[in-house]
Amino acid sequence: MNIETIVKNQRDWFRQGHTLPIAWRKEALDKLGKAIRAREGDIHAALKADLNKSRTEGYMCEVGMTLAELGYVKKHLSGWARDKRYLTPMSQFPAKSFTVANPYGVALIMSPWNYPFLLTMEPLIGAIAAGNCCVVKPSAYSPATSAVMADILSSCFPPEHVAVVEGGRAENQALLDQKFDYIFFTGGVTVGKEVMTRAAANLTPVTLELGGKSPCVVDETAKLDLAAKRLVFGKFLNCGQTCVAPDYLLIHRRVKEEFLGYVKKWTVEMYGENALENESYVKMINRKHFDRVMGLIDPAKVVMGGKGDPETLKIQPTILDNVTPQDAVMGEEIFGPVLPVLTYDTIQEAENFINDRPHPLALYLFSEDRAVQERFLRRVPYGGGCLNDTIIHLATSRMGFGGVGNSGMGSYHGRLSFETFTHRKSIVKKSTWLDLPIRYAPYTEGKEKSIRMFLK
């Protein structure tokens, strides 16, 4: 079945009202949850094949988070979907004001390869909960996970409700040629700009979950040992292939050497003396990205790691010291296990360094100084982040996750996933037993006085 036919069939099916009942949506989410649990072994095998993810890391970062999101959305769906009453202005008396939550219709979800299961299923859960039909396009760079997801989704849903389109660039282009009612894209800035450009031709609303160079700032008041431990976790998880991974370290000059000693200690503690020999250490997704990341490593600035194995596509956790803003590693999002280190002398200097660059998806500040914490909360734009930790701000269904400016637009998780795929109609239901003449022409001086009484 070609892509145009898939979209047409979904639009026809949506117009028949199949997805509107809340009980029907909950049943659809139930089917998905049962299928994920039944196929968990296959999902982990696929993540191992694509990224060498261990079962533990795969569950913690993908399967478990997906099931937690699904359960949370299902539990709260009825409340989110209810009509919401609002106070009606006296000028509109007698009337009732309320909003109605309607699905957009047919949505396109384009997902990435770095967390191929999680970042496909989480937006899909929101789209289903909101009552949409969906075309899902997984990344061609994670073919094993893509195939398992296609199998799972086809076992749960008819293609008129949820369809998976596998393939590469040609399929992406063919999908963007279609008119969708909503597009949800997770990926890089370059492709995100193309998605937005193509969506603009049809005035299709979009959510763009992108990335950028997310800083980790460590000041002289930080608890250095714990900060290093949490930085190592966030930076080298998934071999650095995380959109909210700390992209570079911006550290006060006075504590740099001590801090890097702790970073080295915790890296060895978590991944061994040589991570290339660690069976559970994640690999780069393909040779293209392996070569790109290796090309960002300046051997003269390596103080830990720096080596890679082109056979296994693994790259050692690497620290580059004495990095300058002009170095290649600071010219793009790294998306790999390489941590450039830059220093600052004053907090104003650190703040200016970040604000002079495109707004990042995340920011992490390690500081015990409440004034510094407040300063970075209020004066530095970024999508979201942590105080005294890394990346865990996205691991909740109770807060939204999204970027700002160059790092994306829109937000999802939990209720915000439902709202993202929902259009809220504002309605005034006017009574017919009384019709005040004040709003009708002719507009006399007496009517103006009455209007002024209502519209103060």
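Here we summarise the structure given alongside this text. (Residues numbered from 1 in each chain as written. Predicted model: local features only at pLDDT ≥ 70, side-chain atom pairs only at ≥ 80, totals over all residues. Heavy atoms only, no water.)

## Some words on the overall build of the chain
Move 1: When its secondary structure is counted, the chain shows 15 helices and 18 strands.
Move 2: Along the first, second and third principal axes, the C-alpha atoms of the chain reach 80 × 55 × 35 Å.
Move 3: Among the 456 residues that make up the chain, the fraction classed as buried is 53%.
Move 4: In the chain, of all internal contacts separated by at least 6 residues, the share reaching a separation of at least 24 is 71%.
Move 5: Summed over all atoms, the accessible surface of the chain reaches about 20500 Å², with 54% contributed by carbon and sulfur. (Helix = DSSP H or I, 4+ residues; strand = E, 2+ residues; numbered from the N terminus. Buried < 20%, exposed > 50% of the residue type's maximum accessible area, 1.4 Å probe, protein only. Contact = heavy atoms within 4.5 Å. Areas by Shrake-Rupley, 256 points an atom, 1.4 Å probe, with all protein chains shown as cover.)

## Thoughts on the packing of aromatic side chains
Move 1: Enumeration according to the criterion identifies 13 aromatic pairs in this entry.
Move 2: Consider the rings of Y72 and W80, whose centres lie 6.1 Å apart with planes at 50 degrees: the pair is tilted. In this pair, the class of Y72 matches that of W80, namely buried.
Move 3: Centre to centre, the rings of W80 and F418 are 6.0 Å apart; their planes meet at 40 degrees, and the pair counts as tilted. Of this pair, W80 sits in helix 4 (residues 55-81) while F418 is found in helix 14 (residues 415-420), placing the two residues 338 residues apart along the sequence.
Move 4: A residue is classified by how much of its surface remains accessible, and F418, at 1% relative accessible area, is buried.
Move 5: Ring-pair connections join several aromatic residues into one group, and the members of that group are Y104, Y182, F184, F401, Y412 and F421.
Move 6: The ring of F98 has K96 lying over it, and the distance from NZ or CZ to the ring centre is 5.5 Å. (Phe/Tyr/Trp six-rings, centres within 6.5 Å; stacked < 30°, edge-to-face > 60°. Lys NZ or Arg CZ within 6 Å of the ring centre and 35° of its normal.)

## Structural notes on unusual backbone geometry
Move 1: Note the cis peptide between F93 and P94, where omega equals -5 degrees.
Move 2: Of note, P94 is situated in the loop between strand 1 (84-86) and strand 2 (95-103).
Move 3: The omega torsion of the bond from A441 to P442 falls at 5 degrees, within 30 degrees of zero and hence cis.
Move 4: Looking at the secondary structure, you find P442 in the loop between strand 18 (422-430) and helix 15 (445-454).

## Quick word on the nonpolar core
Move 1: Judged by nonpolar contacts, the single largest core of 114 residues is most densely connected at L32, L249, F259 and F376.
Move 2: Of all the elements, helix 4 adds the most residues to this core, at ten residues.
Move 3: In this view, F259 contacts V218, L224, A227, A228, L231, L249 and I251; residues no more than four positions away in its chain are not counted. (Core = buried A, V, L, I, M, F, W, Y, C linked by side-chain atoms within 4.5 Å.)

## Examining a nonpolar patch on the surface
Move 1: A surface patch of nonpolar side chains, amounting to about 750 Å² of accessible area, comprises M90, F93, W433, L436, I451, F454 and L455.
Move 2: On the secondary structure map, W433 appears in the loop between strand 18 and helix 15.
Move 3: W433 sits in the exposed class, given a relative accessible area of 64%. (Patch = residues over 30% accessible without salt bridge, like charges linked within 9 Å, V, L, I, M, F, W, Y side chains within 5 Å. Salt bridge = Lys/Arg side-chain N within 4 Å of Asp/Glu carboxyl O.)

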